[in-house]
Amino acid sequence: MSVKPGSQEIDRLAELLSTELPNQVSRNVSLATISRWKIGGNAAIYVEPTSVAAAARVMAIMAGRPEPFFVMGDSSNTLFDDAGFAGVVMRIGRNLSAMRVEGTRVWSQAGIWVPKLALATSDAGLGGLEHTTGIPGTLGGLVVMNGGSQRKGVGASVTEVLCADESGELFRMDQRQCGFAYRTSSLQSRRVVVLEVELELKPRLRNESRAEMLAIVRDRRRKFPQKLPNCGSTFLSNPSMYEHIGPPGLAIEQSGLKGLRKGGAVVSTLHANFIVNDGGATCVDVLWLIGHIRETVRQRTGYEMDCEVRHLSPTGELRAAHISAQQIYFREVESA
Ligand SMILES: Cc1cc2nc3c(=O)[nH]c(=O)nc-3n(C[C@H](O)[C@H](O)[C@H](O)COP(=O)(O)OP(=O)(O)OC[C@H]3O[C@@H](n4cnc5c(N)ncnc54)[C@H](O)[C@@H]3O)c2cc1C
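Residues numbered from 1 in each chain as written. Predicted model: local features only at pLDDT ≥ 70, side-chain atom pairs only at ≥ 80, totals over all residues. Heavy atoms only, no water.

> Help me out: how do you make sense of the site of the ligand in this one?
The ligand sits among 33 residues. The nearest are Val71, Ser76, Thr138, Gly148 and Arg310. One of the backbone N or O atoms of Val71 is found 2.5 Å from an oxygen atom in the ligand. With respect to the ligand, the backbone of Ser75 contributes an N or O atom lying 2.8 Å from an oxygen atom. For the shell around the ligand, the elements supplying multiple residues, two or more each, are strand 3 (69-72), helix 5 (139-145) and strand 11 (193-200). For the shell around the ligand, the element with the most residues is helix 5, which contributes five residues. In terms of residue class, the shell around the ligand is built from 14 nonpolar, 14 polar and five charged. (Near = heavy atom within 4 Å. Polar contact = N/O pair within 3.5 Å; in protein donor to acceptor, adjacent residues only side chain to side chain. Helix = DSSP H or I, 4+ residues; strand = E, 2+ residues; numbered from the N terminus. Nonpolar A, V, L, I, M, F, W, Y, C, P; charged D, E, K, R; others polar.)

Laid out in structure tokens, this is it:
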């Protein structure tokens, strides 16, 4: 089911955006087609700005408007709704992926593909981004999520970000203002778009950083599902649970949930913290599985696992997926 596009306001908004950003605006775009998880109805309006100025202009146009608005990178941490999105999805992707290196400073636009940035900085004789090499997202999304691996977050290397605020004004935030913490940043609570990122790295021999990256990628290929669409780790690690039980994947596996299926969504048999789309999975399938996993692990261990993955409602609320999942799962359990 998709949100019915075509209200007069949406038509007028699409026209305005198309006039101001020629060839960058599309109507009724299938989120299932463009998203990582291959799930989601249609976005009423989809914008792929080709410049920083164009992205800032979209922010200015959307300021104070009632239509929902969402900024996406590669959606590798986002679950779109089966009912789609009733407003504007703006993608900061490959159109905004220029980068340059000056000494140990790296400057990059936010749409760059993270593994590409990691390789390019290694080629430039710099180390620090090796841990991001297998993460399939954009730099903007990585910074907003403070993503990383090997117990690291990209925020440790970020010195400054250039953003556009709600009214389209450009402004800079330094590392402290970004408030990086485990898989989060203060950017998540502000209506801003990240457009450029400045990073400070360390000199490192290319061979050394390449060897580390290769080891990381090999390890990920062995542990994580590669072929079926997914959104990476579903649940966040919790330090107390980690100490007493282990990481979420182990807790899920020990609860006997590996391979559990709901519709087209399956708990990966390779790594239980991954939910894969085995074909035709819906958002409701994924949310049901998340609700079931969370409740089963809670009953068995006493720990409540929160989601890293976030669910975007058709009207623009973005929340950790376990919050939406609880509504779906318990509604079904109660009515059974
Ligand atoms: C197979 C797989 C493996 C993964 N492994 C890891 C891992 O090891 N470590 C890890 O941390 N994550 C991992 N992830 C999750 C995900 O890749 C990261 O969170 C990633 O950095 C998100 O980037 P994205 O561009 O896809 O963001 P999206 O999912 O598109 O967006 C994530 C959030 O950032 C916001 N956002 C995106 N771009 C911008 C922007 N330019 N300006 C403002 N807001 C923005 C969105 O609104 C949303 O709130 C994995 C995902 C997959 C599919």
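Read on for the rest.
> What is the right way to look at the sheet that holds strand 13 (residues 261-262) in this model?
Hydrogen bonds along the backbone pair up the strands of a sheet, which may run parallel or antiparallel. Read from one edge to the other, the open sheet built from three strands follows the order 13-14-15, with strand pairing classed as antiparallel. Strands with a single pairing partner mark the edges of an open sheet, and in this sheet they are strand 13 and strand 15 (275-277). Against the sheet, helix 10 (residues 283-301) makes contact with strand 13, strand 14 (265-267) and strand 15, and its axis sits at roughly 30° relative to strand 14, the strand it touches most. (Pairing = 2+ DSSP bridges. Contact = heavy atoms within 4.5 Å. Axes fitted to C-alpha atoms, helices over the stretch in contact; angles between N-to-C directions.)

> Hey, could you run me through the nonpolar core in this one?
Side chains of nonpolar character tend, in soluble globular proteins, to be buried together. The biggest cluster of nonpolar side chains holds 52 residues, and the ones touching the most others in it are Leu17, Ile45, Val161, Leu187 and Leu199. At eight residues, helix 3 (residues 52-62) tops the list of elements feeding residues into this core. Looking at this core, you find at least three residues from each of domain 1 (8-91) and domain 2 (96-221). If we ignore the near neighbours within four places in the chain, the residues touching Val161 are Val143, Phe171, Arg172, Met173, Cys178, Val194, Glu196 and Val197. In terms of nonpolar packing, the next biggest core, distinct from the first, is built from 30 residues, Cys231, Val267, Cys283 and Met305 among them. (Core = buried A, V, L, I, M, F, W, Y, C linked by side-chain atoms within 4.5 Å. Buried < 20%, exposed > 50% of the residue type's maximum accessible area, 1.4 Å probe, protein only. Domains from an automatic or database assignment.)

> Quick question: what am I supposed to make of the pattern of salt bridges here?
Should their charged atoms come close, side chains of opposite charge can pair. According to the stated counting rule, one finds 22 salt bridges in the structure shown. Two residues, Arg294 and Glu304, come together in a salt bridge whose shortest N-O distance is 4.0 Å. Residue Arg294 is found in helix 10, and its partner Glu304 is found in the loop between helix 10 and strand 16 (310-312); the two are separated by ten residues along the sequence. On the accessibility criterion, Arg294 (10% relative accessible area) is buried. Assessed through its relative accessible area of 45%, Glu304 is described here as partly exposed. One salt bridge in this structure joins Arg298 and Glu295, with 2.9 Å as the shortest N-O distance. With a gap of three residues between them, Arg298 and Glu295 both fall in helix 10, about one helical turn apart. Judged by its relative accessible area of 31%, Arg298 is partly exposed. With relative accessibility at 12%, the residue Glu295 sits in the buried group. Members of the salt-bridge network, linked through shared partners, are Glu130, Arg204, Glu208 and Glu212. (Salt bridge = Lys/Arg side-chain N within 4 Å of Asp/Glu carboxyl O.)

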